[in-house]
Amino acid sequence: MRLSGTVKIFIVAAAIIILIPVLILEWMNTALVHDPHNIVEAAYLDSSVGREPMQYIGFGWYYASIEGDSGFLVNCEGGRSFQGGYVTGHMGDTISVTSDCQYED
């Protein structure tokens, strides 16, 4: 059975209509740390419940899905570290790490 062009367009449009809101909600529920200087040893989401390690996803980016109210905890080379930022469900944030291991929004 071959699908007509109209049916194919309908299927693609339906997939896009469903996929875009899901991707937006997932994006809003993420915390990202950008390490352009490659000095971060570990990054965490730190909350009253505990620390959730962020996953290194390549090219200087760390990722975590937000579970609740948290801040960033970043450990850099040489024992330096910082805490900063704030994330909560459906209100993600992206921070960048400076060359001297400081928080940059």
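Residues numbered from 1 in each chain as written. Predicted model: local features only at pLDDT ≥ 70, side-chain atom pairs only at ≥ 80, totals over all residues. Heavy atoms only, no water.

Enquirer: A description of the sheet that holds strand β7 (residues 81-87) should follow, citing residues and the corresponding values.
Expert: What holds strands together in a sheet is hydrogen bonding between their backbones, with the strands either parallel or antiparallel. Within the open sheet, the four strands sit side by side as β3-β2-β6-β7. Their pairing is antiparallel. Because the sheet does not close on itself, it has two edges, and the strands there are β3 (51-53) and β7. Here the strands of the sheet are splayed against their neighbours by 30° on average, with no regard to which way each runs. Of the strand pairs in this sheet, strand β2 (residues 40-46) and β3 are connected by three bridges, and their pairing is antiparallel. Its bridge partner being in β3, Y44 is matched across the sheet by P53. (Pairing = 2+ DSSP bridges. Helix = DSSP H or I, 4+ residues; strand = E, 2+ residues; numbered from the N terminus. Axes fitted to C-alpha atoms, helices over the stretch in contact; angles between N-to-C directions.)

Enquirer: Kindly report on the sheet that holds strand β4 (residues 55-58), identifying the contributing residues and their values.
Expert: In spatial order, the strands read β4-β5-β1-β8-β9; together these five strands make up an open sheet with mixed pairing. Looking at which strands have only one partner, the edges of the open sheet turn out to be β4 and β9 (103-104). As paired elements, strand β8 (residues 93-97) and β9 share two bridges and run antiparallel to each other. Note that in β9 the partner of S96 across the bridge is E104.

Enquirer: Give a description of the state of the cysteines that names residues and reports values.
Expert: As enumerated under the stated definition, the model contains one disulfide in all. Note that C76 is cross-linked by a disulfide to C101, the S-S spacing being 2.1 Å. An S-S torsion of about 80° defines the bridge between C76 and C101 as right-handed. With C76 in strand β6 (residues 70-76) and C101 in the loop between β8 and β9, this pair connects stretches of sequence that are 25 residues apart. The exposure class of C101 is buried, given its relative accessible area of 1%. (Disulfide = S-S within 2.5 Å. Buried < 20%, exposed > 50% of the residue type's maximum accessible area, 1.4 Å probe, protein only.)

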